[in-house]
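Residues per chain, in single letters:
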Amino acid sequence: MAEKLLEVNQVKKYFTIQSGFLQRTIGFNKAVDNVSFYINRGETFGIVGESGCGKSTTGKMITRLYEPTEGQILFEGNDISHLSQKELRKFRREIQMVFQDPYASLNPRKRIGILLEEPYKIHNIYSEKERRGKVEELLEIVGLNADHYDRYPHEFSGGQRQRIGIARALTLRPKLIVADEPVSALDVSIQSQILNLMKKLQKDFHLTYIFISHDLSVVKHISDRIGVMYLGKMVEIAEKKDLYQDPLHPYTQSLLSAVPVPNPKVKKERIILQGDVPSAVNPPKGCVFHTRCPKVMAQCKQEVPTLQEYKPKHYVACHLYS
Amino acid sequence: MSNEQIIINTQAGTLNKKKKETMIKITWRRFVRNRLAVIGLITLSVITLAAIFAPTLATYDPTEQELLNKLAAPSSEHFLGTDDLGRDIYSRLLYGARVSLMVGFVSVSFAVIIGMIYGAVAGYYGGIIDNIMMRFVDVVIAFPLLFLLITVVTILKPSVFNIIAVLALLSWTGTARLVRGQFLSLKEREFTDAVRVIGASDFRIIFLHLLPNALAPVIVAATLGMGGMILTESGLSFLGLGVQPPTASWGNMLQGAQNFTVMLTAWWYPFFPGLMILITVLSLNFVGDGLRDALDPRLKD
């Protein structure tokens, strides 16, 4: 029954570093380097990693805010990685995005109603009279009030603003929503409200989510499968249970060991990594993690490990398992 | 009416009040707190109204000469005296306000429109386009404005239209730089990505979403710039290269008063046009400062 909705094949995003009057390219920032994964219809796929690992860039390539440098992104079997402007516009209805900072993602000069009607205007859906009703309906679906139609963003709290952001993502009835750290700017008490709202909407609207976060407990709460990224690479992909109980990649192991446990009697062994994350402009040869890996071998410094299925549905990119 | 209904109605009432609290109202409330700005605004309104209703307010035809009554001191007949050709200074000031204000307003409007579009495109697209466009701005800025004005006006014959055109074509660069800077930061904000994701075109993003957010500093710069435009026009007219007599402008009225003996014997002739220029430019600056504070999003109350 697991039908693939989205497939990402060896996608790369290199940002060019330019300088001088003629904007000559003097280097590349390998934000995302050869990442592959797939997402089944109706599931929530979590992407975790520390800041700068390329998880947001991956999300923005899927929503086509960025054009991939190389590789393919297949949505329902169609390659969307190099669509023309016109095709892109049509495609925008299928994939929507929820943004990280609810204070920055709403245009401060537009009333909420105008903001939410805009997608209908752009795509010419519903008559002008119908639109207001549809928007008011949406506001109530996300737990706001139809009266909020005429208000400005600055009149709302962070949690309410994020609800508006979610409502906007729903206007076009997309199949896939990329949520880029949707709760990391919110208070913990509000976080769970928003997460529960997202779960409810997923059922009601048959949505598929890509949930990007650096917060392991949040990702654990909402995801079905999780991908772990490090320095532009996907290092491990597994079902949620499998990943949390039996992490394979040394990086995942160290990440999970850092999650605080609410029980003070449980003694956990922390795996503390040495050094900093290397720069994506000049990543290490071989396995990108070898400079910090506690289990590093000679092979790691030479060969790039590929993502392989070690156990059923559990993929890992590490020489320890090949 | 039952109690519940009353509660609902009062809730609706407070909501309505909230609704009316728009950005403009908030800005207005902050603006009014600045006393100098309010004085400036009132003065400007008076001058503007006087210019509009010049034909009714004027006591004489501004070009009518009374050669027998030249350089007459202020009196009940001629409120502000007469000039060296016996023309009524009060009436000429009213008509001169029309020219000076129009030159200032129209040239600033054109400059702002050109500068906004130019800066918006450069800032939004960035990269090589931005680089080339902004180097061109540097070139324009490097022109010595006054000398170019004098040259162009000498070649093209001085007229109000030519002066407006030259002023506008040379002073859009400030706005362009300002808007470009705003756009560089605005386009990185998340709401830009948010409208892009719903499928908005570049045109829509630039003009309907980013530009309204870049408007506040432009309005301030335009207000302050208008004072400069009026001064430049007066300067040109003073040099005889601006608005040509007999059409009155504050600048060319000053030119008529250049004569040393006139200045000593008939102080009212150079004094009043000079005062009008001073008051107008000062008022514009006060209003500009007031707007800058009122539109500053950091000063929230």
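Residues numbered from 1 in each chain as written. Chains lettered and ligands numbered in written order. Predicted model: local features only at pLDDT ≥ 70, side-chain atom pairs only at ≥ 80, totals over all residues.

**Some remarks on the overall build of chain A**
Basically, it comes down to this: Helix numbering and strand numbering both begin at the N terminus, where a helix is a DSSP run of H or I of at least 4 residues and a strand a DSSP run of E of at least 2. C-alpha atoms define the radius of gyration, and 2.2 Å times the number of residues to the power 0.38 defines the globule rule. By definition, residue pairs are in contact when their C-beta atoms, positioned from the backbone, come within 7 Å.
The helix and strand inventory of chain A stands at 9 helices and 12 strands. Relative to a compact globule of 322 residues, whose C-alpha radius of gyration would be 20 Å, chain A shows 21 Å and is just as compact. Across chain A, the fraction of contacts at a sequence separation of at least 24, relative to all contacts at a separation of at least 6, is 63%.

**Details of the overall build of chain B**
Our working definition: Three classes are used. A residue is buried when 20 or more other C-beta atoms lie within 10 Å of its own, exposed when 12 or fewer do, and partly exposed in between, with C-beta atoms placed from the backbone.
Looking only at helices and strands, chain B features 14 helices and 0 strands. A globule of 301 residues ought to have a C-alpha radius of gyration of about 19 Å, yet chain B, at 24 Å, is considerably larger. Its C-alpha atoms give chain B principal-axis dimensions of about 80 × 65 × 25 Å. Looking at chain B as a whole, 38% of its 301 residues qualify as buried. The long-range share in chain B, meaning contacts at least 24 apart out of those at least 6 apart in sequence, stands at 71%.

**Some words on the interface of chain A and chain B**
What counts is decided by this rule: We call Asp, Glu, Lys and Arg charged. Ala, Val, Leu, Ile, Met, Phe, Trp, Tyr, Cys and Pro are nonpolar, and the rest, Gly among them, are polar.
At the junction of the two partners, chain A supplies 26 residues and chain B supplies 20 residues. Looking at the side of chain A that touches chain B, the elements that each hand over two or more residues are strand E6 (95-98) and helix H3 (112-123) of chain A. Top element by residues in the side of chain A that touches chain B is H3(A). It accounts for 4 residues. Partitioning the side of chain A that touches chain B into residue classes produces 9 nonpolar, 7 polar and 10 charged.

**Overview of the packing of helix H5 (residues 89-125) of chain B against helix H6 (residues 127-142) of chain B**
The criterion, for reference: Each axis is a line fitted through C-alpha atoms, and for a helix only the stretch in contact is used; angles between axes span 0 to 180 degrees, taken between their N-to-C directions.
The contact between H5(B) and H6(B) brings their axes to 7 Å, and the two run at 145°. Contacts between H5(B) and H6(B) involve B:Tyr118, B:Ala122, B:Gly123 and B:Tyr125 from the former and B:Gly127, B:Ile129, B:Asp130, B:Met133 and B:Met134 from the latter.

**Quick word on the pairing of strand E11 (residues 308-311) of chain A**
Residues and elements named next belong to chain A. In plain terms, the rule: Pairs of strands are assigned from DSSP output, requiring at least two bridges between the strands.
Across 3 bridges, E11 lies against strand E12 (residues 314-316) in antiparallel orientation. Residue Gln-308 lies in a different strand from E12, and its bridge partner there is Val-316. Joining the antiparallel neighbours E11 and E12 is a turn of 2 residues, in which Lys-313 adopts a positive phi near 60°.

**Quick look at the sheet that holds strand E10 (residues 233-239) of chain A**
Residue and element names in this part refer to chain A. Taken together, the 8 strands give an open sheet; going across it, the order is E6-E7-E8-E3-E9-E10-E12-E11, and neighbouring strands pair in mixed fashion. Two strands close off the open sheet at either side, each with one partner strand: E6 and E11. Taken pair by pair, the neighbouring strands of this sheet meet at an average axis angle of 25°, ignoring direction. Here strand E3 (residues 44-48) runs beside strand E8 (residues 208-213); their pairing, made up of 5 bridges, is parallel. Along E8, the bridge assignment pairs Val-48 with Ser-213.

**Considering the environment of A:Lys199**
Residues and elements named next belong to chain A. Residue position: Lys-199 is located in helix H6 (residues 188-205). The class of Lys-199 is partly exposed, set by 15 C-beta atoms lying within 10 Å. Along the backbone, Lys-199 and Tyr-209 are 10 residues apart, and their C-alpha atoms lie at a distance of 9.6 Å.

**Quick notes on helix H10 (residues 190-197) of chain B**
In terms of burial, H10(B) is a largely internal element, 7 of the 8 residues being buried. Listed as buried for H10(B) are B:Phe191, B:Thr192, B:Asp193, B:Ala194, B:Val195, B:Arg196 and B:Val197. Its buried side turned inward, H10(B) meets E6 and helix H5 (158-170) of chain A together with helix H9 (173-186) and helix H11 (202-238) of chain B. Looking one or two residues past H10(B), B:Gly199 carries a phi angle of roughly 100°, positive in sign.

**Observations regarding the environment of A:Ile114**
Note that A:Ile114 resides in helix H3. Along the chain, A:Ile114 and A:Arg168 lie 54 residues apart, while their C-alpha atoms are 11 Å from each other.

**Topic: unusual backbone geometry**
All names here are of chain A. Its identity is not glycine, yet Gln-10 carries a phi of approximately 45°, on the positive side. One can find Gln-10 in strand E1 (residues 4-19). Non-glycine residue Glu-181 carries a positive phi angle of around 50°. For Glu-181, the position within the fold is in the loop between strand E7 (176-180) and H6.

**Some thoughts on the packing of H5(B) against H11(B)**
Residues and elements named next belong to chain B. For clarity, the cut-off: Two helices that cross are described as forming a left-handed crossing if the nearer one is turned anticlockwise from the farther one by less than a right angle, and a right-handed crossing if clockwise.
Packing of H5 against H11 leaves a shortest axis separation of 8 Å and a crossing angle of 145°. Of the two possible hands of crossing, H5 and H11 adopt the one that is right-handed. Along its contact with H5, which presents Ser-100, Val-103, Gly-104, Phe-105, Ser-107, Val-108, Val-112, Met-116, Ala-120 and Tyr-124, the element H11 presents Ile-206, Leu-210, Leu-211, Val-218, Ala-222, Gly-225, Met-226, Met-229, Ile-230, Glu-233 and Ser-234. Of the residues in the contact of H5 with H11, the class split is 15 nonpolar, 5 polar and 1 charged.

**Focus: the environment of B:Leu208**
All names here are of chain B. Tracing the sequence through the fold places Leu-208 in helix H11. According to the C-beta neighbour criterion, Leu-208 is partly exposed, with 17 such atoms within 10 Å. Residues Leu-208 and Asp-61 lie 147 residues apart in sequence; the distance between their C-alpha atoms is 47 Å.

**Some words on the sheet that holds E1(A)**
Residues and elements named next belong to chain A. Here we have 4 strands laid out as an open sheet, ordered E2-E1-E4-E5, and antiparallel in their pairing. Both edges of this open sheet fall to strand E2 (24-40) and strand E5 (78-79), since each of them pairs with a single strand only. Sheet topology note: the E1/E2 ladder contains 12 bridges and is antiparallel. Note that in E2 the partner of Ile-17 across the bridge is Gly-27.

**Remarks on the confidence of the model for chain B**
All names here are of chain B. Here is the rule: Per residue, pLDDT measures the predictor's confidence, with a range of 0 to 100.
Overall, the predicted model of chain B reaches an average pLDDT of 84, with 91% of residues at or above 70. Across residues 1-20 the pLDDT falls below 50, and counting only partners more than four positions away or on other chains, this stretch makes 6 contacts in the model. Scoring the predicted complex yields pTM 0.81 and, for the interface, ipTM 0.85.

**Section: helix H7 (residues 145-156) of chain B**
Our working rule: Given a helix with a known number of residues, its expected span is that number minus one, times 1.5 Å.
Its 12 residues give H7(B) an end-to-end C-alpha distance of 16 Å, which sits within 8% of 16 Å, the value for a rise of 1.5 Å per residue. Immediately downstream of H7(B), the backbone of B:Lys157 shows phi near 75°, a positive value.

**Regarding the nonpolar core**
Worth spelling out the cut-off: When buried Ala, Val, Leu, Ile, Met, Phe, Trp, Tyr and Cys residues are joined through C-beta atoms within 7 Å, the set is termed a nonpolar core.
The biggest cluster of nonpolar side chains holds 80 residues, and the ones touching the most others in it are A:Ile177, A:Ile210 and A:Tyr230. Other than its neighbours up to four places away in sequence, A:Ile210 contacts A:Ile39, A:Phe45, A:Ile47, A:Gly59, A:Ile62, A:Leu176, A:Val178 and A:Ala179.

**Considerations on the pairing of E10(A)**
Residues and elements named next belong to chain A. Among the 7 residues that make up E10, 6 are buried, leaving the element largely enclosed by the rest of the structure. The pairing of strand E9 (residues 225-230) with E10 spans 6 bridges and is classified as antiparallel. Residue pairing for E10: Met-229 is matched across the bridge by Met-234. Linking two consecutive strands that pair antiparallel, namely E9 and E10, is a turn of 2 residues; a positive phi of about 50° is found at Leu-231 within it. Two elements, E10 and E12, share 2 bridges in a ladder whose sense is antiparallel. Bridge pairing in E12 links Glu-236 to Val-316.

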